[in-house]
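# Per-entry structural report
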Amino acid sequence: MEEVKLLGAWPSPFCYRIIWALKLKGIDYEYVEEDLFNKSDLLLHYNPIHKKIPVLVHNGKPISESTVILEYIEETWPHNPLISSDDPYEKAKARFWTKFIDEKEPIFFAFFQSVGEEQEKATKEAKKVLKVIEDYGVGESRKFLGGEKVGMADLALGWISGWLEGMEEALGVKLLEPQSFPMLMAWIKNFRDVPQIRDNFPDRDQLLIYFKGLRERVIWALKLKGIEFEYIEEDLSNKSKLLLQLNPLHKKVPVFIHGGKSFAESLVILEYIDEMWPQNPLLLPDDPNERAIARFWMKYVDDQREQFLRFWKTTGEEQEKATRDVRNVLRILEENGLGDKKFFGGNDIGMADLAFGLIALWIEVLEEAAGVKILEHNSLPRLMAWIENFNNVDVIKENHPDRPQLLEYLKGLREKYLSQPTS
Ligand SMILES: N[C@@H](CCC(=O)N[C@@H](CS)C(=O)NCC(=O)O)C(=O)O
């Protein structure tokens, strides 16, 4: 009994090329889903060069690169051919289109991942590629790229029959206008009508969530790193189903969605962002000792959060005590955390600064909402300088909350807390 195993990942169009080919040929295989954020030893062992899926393992021998796998499948199981003609010229044409489509994939990736001018440029380029396929690849006289039957080039192009729509919808930008690409639209229909394709297609909604997720994360960190994301505003007095589903434990924002996975807790998210996108300012220092110190301060501030906000939630004696407490916390930060540095991590803004960002952005507004003065210039000079440095970083400046709106929000919330006897 021969071993046919496919290492894949459900959203990967490259992987579906192989699934479709095996189904069209009626080859039984074992499918192994890979977690691309935590690659298995098996994947690293079988594809040590690219560490990517798909990988086909046939009787212990691994083959990677989807177009190479398609050729291998065709040669190993020649029935129900993917290149139906014996004519070398027809074969060359099928390979030409397979290669053409494969090489243009980065243009669509750029279309999906970029923003602004870059996206406009990528959109134009992607449309040009589609036009070439419309004019020269799919013809009026034939159902598929290679003729009357689905072939290798069609499998390579398969992703435009579902994935492209997911990308378009997630972005809100349309590439495939039916009036401009009538033959491509007809090809999509023909392709999706093939039973082996129709029965082995990722779920449309899941693909859409996946692509939306890819455009996600915690605003400053991503902006500092120049990473694009989609922001979903939550109404916390009427939490969305999505939030309850993604963070059933705490039911709190922020929740970060990336690559179809989600997790909560802002500090955890910051660490993830730093690991996932190590470019631009590294939010945590390289040195393990400095790293530990930054984490220590982040945890300290997080643990003090309730304490920190207490002065704004209380009145009278309780508020006086809370005011003394928060000043103590700030003094500890001033003397032990900040020292003579511009930022908590040194000369550049870092993860600890983002963790403390609330102080810089909110404290004055919290003071005004609560009618109490916490920050005194003479007693906390370094912290005051830090607030100024923090607020002057371009990314922070550009993403500052609207002050009057924040004040109104914090005043309203304070009233709500004060009217609840237990809080
Ligand atoms: N040229 C490759 C592309 C495969 C590819 O990009 N696979 C992605 C999933 S869609 C992957 O495994 N990515 C993991 C990574 O880049 O770390 C092929 O045709 O097989």
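Here's what I pulled together on the structure shown here. (Residues numbered from 1 in each chain as written. Predicted model: local features only at pLDDT ≥ 70, side-chain atom pairs only at ≥ 80, totals over all residues.)

Turning our eyes to something else, we now look at the overall build of the protein. Helices and strands together make up the secondary structure of the protein, namely 20 helices and six strands. For the protein, buried positions account for 29% of its 423 residues. Partitioning the contacts of the protein with sequence separation of at least 6, the portion at a separation of at least 24 is 65%. (Helix = DSSP H or I, 4+ residues; strand = E, 2+ residues; numbered from the N terminus. Buried ≥ 20, exposed ≤ 12 C-beta atoms within 10 Å, placed from the backbone. Contact = placed C-beta atoms within 7 Å.)

A few words on the site of the ligand. In the neighbourhood of the ligand, the contacting residues comprise Ala 9, Ser 12, Phe 14, Leu 36, Lys 51, Lys 52, Ile 53, Pro 54, Glu 65, Ser 66 and Thr 67. Tallied by class, the residues present in the shell around the ligand amount to five nonpolar, three polar and three charged. (Near = placed C-beta within 6 Å. Nonpolar A, V, L, I, M, F, W, Y, C, P; charged D, E, K, R; others polar.)

Okay, helix α7 (residues 163–171) next. Regarding α7, the residues found buried are Trp 163, Leu 164, Gly 166, Met 167 and Leu 171. In a view along the axis of α7, the buried residues occupy a sector of 160°, so they form one face of it. Downstream of α7 by one or two residues, Gly 172 has phi in the positive range, about 75°. (Arc of directions from axis to C-beta.)

Sheet architecture is open: four strands sit in the order β2-β1-β3-β4, paired in mixed fashion. The open sheet is flanked by β2 (30–33) and β4 (61–64), the only strands paired with a single partner. Neighbour to neighbour, the strand axes of the sheet diverge by 20° on average, direction disregarded. Pairing analysis gives four bridges linking strand β3 (residues 55–58) to β4, with the strands arranged antiparallel. Note on β4: the bridge partner recorded for Val 55 is Ser 64. Contacting β3 and β4, helix α3 (residues 66–76) runs over the sheet at an angle of about 130° to β4. (Pairing = 2+ DSSP bridges. Axes fitted to C-alpha atoms, helices over the stretch in contact; angles between N-to-C directions.)

Turning to the packing of helix α17 (residues 351–370) against helix α18 (residues 381–392), a few remarks are in order. Two quantities define a packed helix pair, namely the angle between the helix axes and the distance between the axes. Here α17 crosses α18 at 105°, and the two axes come no closer than 10 Å. When the axis of α17 is compared with that of α18, the two are roughly perpendicular. Between α17 and α18, the contacting residues are Asp 353, Gly 357 and Ala 360 on the first element and Ile 387, Phe 390 and Asn 391 on the second. Its residues assigned to classes, the contact of α17 with α18 comprises three nonpolar, two polar and one charged. (Parallel < 35°, antiparallel > 145°, perpendicular 65-115°, else oblique.)

All right, on to the nonpolar core then. One finds Ile 18, Ala 21, Met 152 and Ala 153 to be the most contacted residues of the largest nonpolar core, which totals 56 residues. The leading source of residues in this core is helix α1 (residues 13–25), at nine residues. When residues of this core are assigned to domains, at least three fall in each of domain 1 (1–80) and domain 2 (86–202). Those residues in contact with Ala 21 that lie beyond four places of it in its chain are Leu 70, Ile 73, Leu 82 and Leu 155. Of all hydrophobic cores here, the second largest spans 35 residues; its members include Trp 312, Ala 322, Ile 374 and Leu 380. (Core = buried A, V, L, I, M, F, W, Y, C linked by C-beta atoms within 7 Å. Domains from an automatic or database assignment.)

The next subject is the pairing of β2. Put simply, side chains in a regular strand alternate between the two faces of the sheet. Relative to β2, strand β1 (residues 4–8) is paired through four bridges, and the arrangement is parallel. Counted as the bridge partner of Leu 7 is Val 32 from β2. With α1 bridging β1 and the parallel β2, this β-α-β connection has right-handed handedness. (Right-handed = clockwise from strand over helix to strand, strands pointing away.)

With that settled, consider the environment of Phe 108. As for its placement among the helices and strands, Phe 108 is situated in helix α4 (residues 88–113). Along the backbone, Phe 108 and Lys 127 are 19 residues apart, and their C-alpha atoms lie at a distance of 9.4 Å.

Note that β1 and β3 share four bridges and pair antiparallel. Its bridge partner lying in β3, Lys 5 is registered against Val 57. Between the end of β3 and the start of β4, which pair antiparallel, lie two residues, with Asn 59 showing a positive phi angle near 45°.

Cis geometry marks the peptide bond from Ile 53 to Pro 54, where omega comes out at 5°. Summarising the element assignment, Pro 54 is placed in the loop between α2 (41–46) and β3. The backbone of Asn 59 sits at a positive phi, close to 45°, despite the residue not being glycine. Along the chain, the position of Asn 59 falls in the loop between β3 and β4.

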